[in-house]
Amino acid sequence: MKSLPKADLDVVAKYFQKNSTDLENASFLISGITGFVGSWLADSLVHVNREFSLKIEITGITRNASKISTWGNLASEKNVKIIESDIRTCKKIQGNFTHFVHAATPTTTATRAGDLGNVFKSSFIGAQNLLEIAKNQEVPPIFLHTSSGAVYEKKPSNLESIPLNWPRQDLEASEEIDTEYARAKIETEKLIEAATSEGVVKGINARLFSFMGPRVPLQEHYSIGNFMYSGLHEAEISHSVNPATVRSYEYAADMASTLIYILGLGQPGAFHIGSDKGHELAYWAELVGKVFSKPVKNLKVVSGKKPITIPYIPEHDERIPRGLGESIPIDQQIATWRNWLRESH
């Protein structure tokens with residue numbers, strides 16, 4: 001796994017310095033540490049720890065420890081321990097942990113490995129197993145579950161963004177991946193809420209939306225990632241989605257910054273993580289085309305009908321200071337991502 005751009009990690013460090021919360025001597029247990037969110041969080045914590053001498057310890061759980069050997073920033077860190085295990089069956093880990101992060105839910109074709117049940121079990125059963133470990137801590141730890149905006153009901157609305165009090169869906173088990181992913185997050189949220197009420201943990205359901213930047217999967221169901229793949233490998237930016245669909249994409253450094261902030265804050269409850277600045281997918285395709293100096297396929301021909309449901313955009317969470325990346329032009333962020341991809345391909 002290629003290291004993240006130092007400039008991005010410096011953005012995280014500057015945010016931490018500006019909005020400092022108490023993480024000195026914190027000990028983290030992170031599931032899914034080699035995934036997109038887990039790896040960004042781990043690298044960012046390592047960088048912040050180095051910059052501010054916080055004496056942070058990190059234990060990471062992954063089913064694929066071989067990724068770590070190529071992950072230069074993490075493999076050489078003495079304060080990082082990696083456990084190769086499946087969170088669906090891992091019930092005992094020795095150690096004193098102040099913070100748990102459950103980021104192990106497969107979202108790509110490769111990580112699901114053709115097993116739809118893997119999605120629900122990794123999220124829900126994985127959370128159950130981590131909570132068993134949390135029960136053995138001397139002090140109820142902070143437990144952050146990387147949930148999703150997918151938990152919310154999809155119904156007609158004139159609202160331009162989803163408020164935190166928007167109702168959750170009520171879903172049955174399904175053979176459809178998007179539905180099963182949402183169900184997994186909803187049921188895991190309920191589990192964390194119950195454990196918080198019982199005093200086992202201080203539970204945080206961080207509802208993540210859409211992101212862009214290094215390590216976002218390409219050739220998957222992430223439109224921005226598919227646009228970037230076209231920019232790298234094709235003559236034009238292609239898309240197979242409704243160009244009138246509205247999306248917001250927060251740069252990954254801001255995602256990591258705000259996750260670290262709420263981990264340090266330690267306030268139980270639900271939080272929004274993501275950008276509240278939405279644009280039609282046609283805008284994002286054009287922007288990627290501009291950065292790669294490539295045309296956008298059929299954009300002028302395809303006419304998209306704007307969806308009537310509330311856009312997949314979070315209402316800004318006023319408890320969280322805005323990320324420093326918002327002051328960086330979007331095309332510059334995409335150019336940074338492009339350069340990182342070119343170096344890693």
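Nothing here was measured: the structure is a model prediction, and the numbers come from that model. (Residues numbered from 1 in each chain as written. Predicted model: local features only at pLDDT ≥ 70, side-chain atom pairs only at ≥ 80, totals over all residues. Heavy atoms only, no water.)

On to helix α6 (residues 117–134), then. Look at α6: 25 Å from first C-alpha to last across 18 residues, which is about the 26 Å you get at 1.5 Å a residue. The largest bend in α6 amounts to roughly 25° and is located at Gly126. Along α6, 13 of the 18 residues are buried, which leaves the element largely enclosed by surrounding structure. (Helix = DSSP H or I, 4+ residues; strand = E, 2+ residues; numbered from the N terminus. Expected span 1.5 Å × (residues − 1). Bend = angle between axes of the 7 residues up to and from the residue. Buried < 20%, exposed > 50% of the residue type's maximum accessible area, 1.4 Å probe, protein only.)

What follows is about empty space enclosed by the protein. A full pass over the atoms with the stated rule returns two cavities of 30 Å³ or more. In this model, the largest cavity occupies a volume close to 120 Å³. Looking at side-chain class alone, the lining of the largest cavity contains four nonpolar, six polar and six charged residues. For the second largest cavity, the calculated volume is near 30 Å³. Val12, Tyr15, Phe16, Asn19, Ser257, Ile260 and Tyr261 together form the lining of the second largest cavity. Of all the secondary structure elements, the ones that give two or more residues to the lining of the second largest cavity are α1 (6–18) and α9 (252–265). Residue composition of the lining of the second largest cavity, by class: five nonpolar, two polar and no charged. (1 Å grid on protein atoms, 1.4 Å probe; cavity = no way out; pocket = protein on both sides within 12 Å on 5 of 7 lines; lining within 4 Å. Points joined across faces, edges and corners; volume = space filled by probe spheres on them. Nonpolar A, V, L, I, M, F, W, Y, C, P; charged D, E, K, R; others polar.)

Mapped onto the fold, His99 is located in strand β4 (residues 99–102). The class of His99 is buried, set by a relative accessible area of 6%. In this structure the side chain of His99 is engaged in a polar contact, spanning 2.7 Å, whose partner is the side chain of Thr98. Dropping the residues within four chain positions of it, His99 is found in contact with Leu23, Ala26, Ser27, Phe28, Leu29, Pro141, Ile142 and Leu263. (Polar contact = N/O pair within 3.5 Å; in protein donor to acceptor, adjacent residues only side chain to side chain. Contact = heavy atoms within 4.5 Å.)

This part takes up the pairing of strand β5 (residues 142–148). For β5, the tally of buried residues reaches seven of seven residues, placing the bulk of the element in the interior. Burial along β5 is two-sided: Ile142, Leu144, Thr146 and Ser148 and Phe143, His145 and Ser147, pointing in opposite directions, are all buried. With four bridges connecting them, β4 and β5 associate as parallel partners. Pairing of His102 across the sheet is with His145, part of β5. As defined by bridge partners, β5 adjoins strand β6 (residues 202–208) across seven bridges and the pair is classed as parallel. Within β6, the residue paired with Thr146 across the bridge is Ala206. Taken together, β5, helix α7 (residues 177–197) and β6 form a β-α-β motif whose crossover is right-handed. (Pairing = 2+ DSSP bridges. Right-handed = clockwise from strand over helix to strand, strands pointing away.)

Tallying each qualifying case throughout the model produces nine aromatic pairs. Residues Phe209 and Tyr312 carry aromatic rings whose centres are separated by 4.9 Å and whose planes lie at 45° to one another, so their mutual orientation is tilted. Of the two residues, Phe209 is situated in the loop between β6 and β7 (211–212) and Tyr312 in the loop between α10 (281–292) and α11 (330–344); the sequence distance between them amounts to 103 residues. By relative accessible area, Phe209 is classed as buried at 8%. Ring centres 5.4 Å apart and planes at 85° place the aromatic pair Tyr283 and Trp284 in the edge-to-face group. Ring pairing ties together the aromatic residues Phe97, Phe100 and Phe143, which thus form one cluster. The aromatic ring of Phe120 is capped on one face by Arg183, whose charged end is 4.0 Å from the ring centroid. (Phe/Tyr/Trp six-rings, centres within 6.5 Å; stacked < 30°, edge-to-face > 60°. Lys NZ or Arg CZ within 6 Å of the ring centre and 35° of its normal.)

Quick reminder: α-helices carry 3.6 residues per turn. Residues three or four places apart thus point the same way. Taking 1.5 Å per residue as the helical rise, α11 with its 15 residues ought to reach 21 Å, and the 21 Å between its terminal C-alpha atoms agrees with that figure. When α11 is considered as a whole, its buried residues turn out to be Gln333, Ile334, Ala335, Trp337, Arg338, Trp340 and Leu341.

With that settled, consider the pattern of salt bridges. Across all of its chains, the model carries 19 salt bridges by this definition. Linked through salt bridges whose partners overlap, the residues forming this network are Arg168, Glu189, Glu193 and Arg207. (Salt bridge = Lys/Arg side-chain N within 4 Å of Asp/Glu carboxyl O.)

With that out of the way, let us pick up the packing of α1 against α9. With their axes 9 Å apart at the nearest point, α1 and α9 run at an angle of 35° to one another. You can see that α1 and α9 cross each other, and the crossing is right-handed. On the side of α1, the interface is formed by Asp8, Val11, Val12, Tyr15 and Phe16, while α9 contributes Ala253, Asp254, Ala256, Ser257, Thr258, Ile260 and Tyr261. Counted by class, the contact of α1 with α9 contains eight nonpolar, two polar and two charged residues. (Axes fitted to C-alpha atoms, helices over the stretch in contact; angles between N-to-C directions. Left-handed = near helix turned anticlockwise from the far one by under 90°.)

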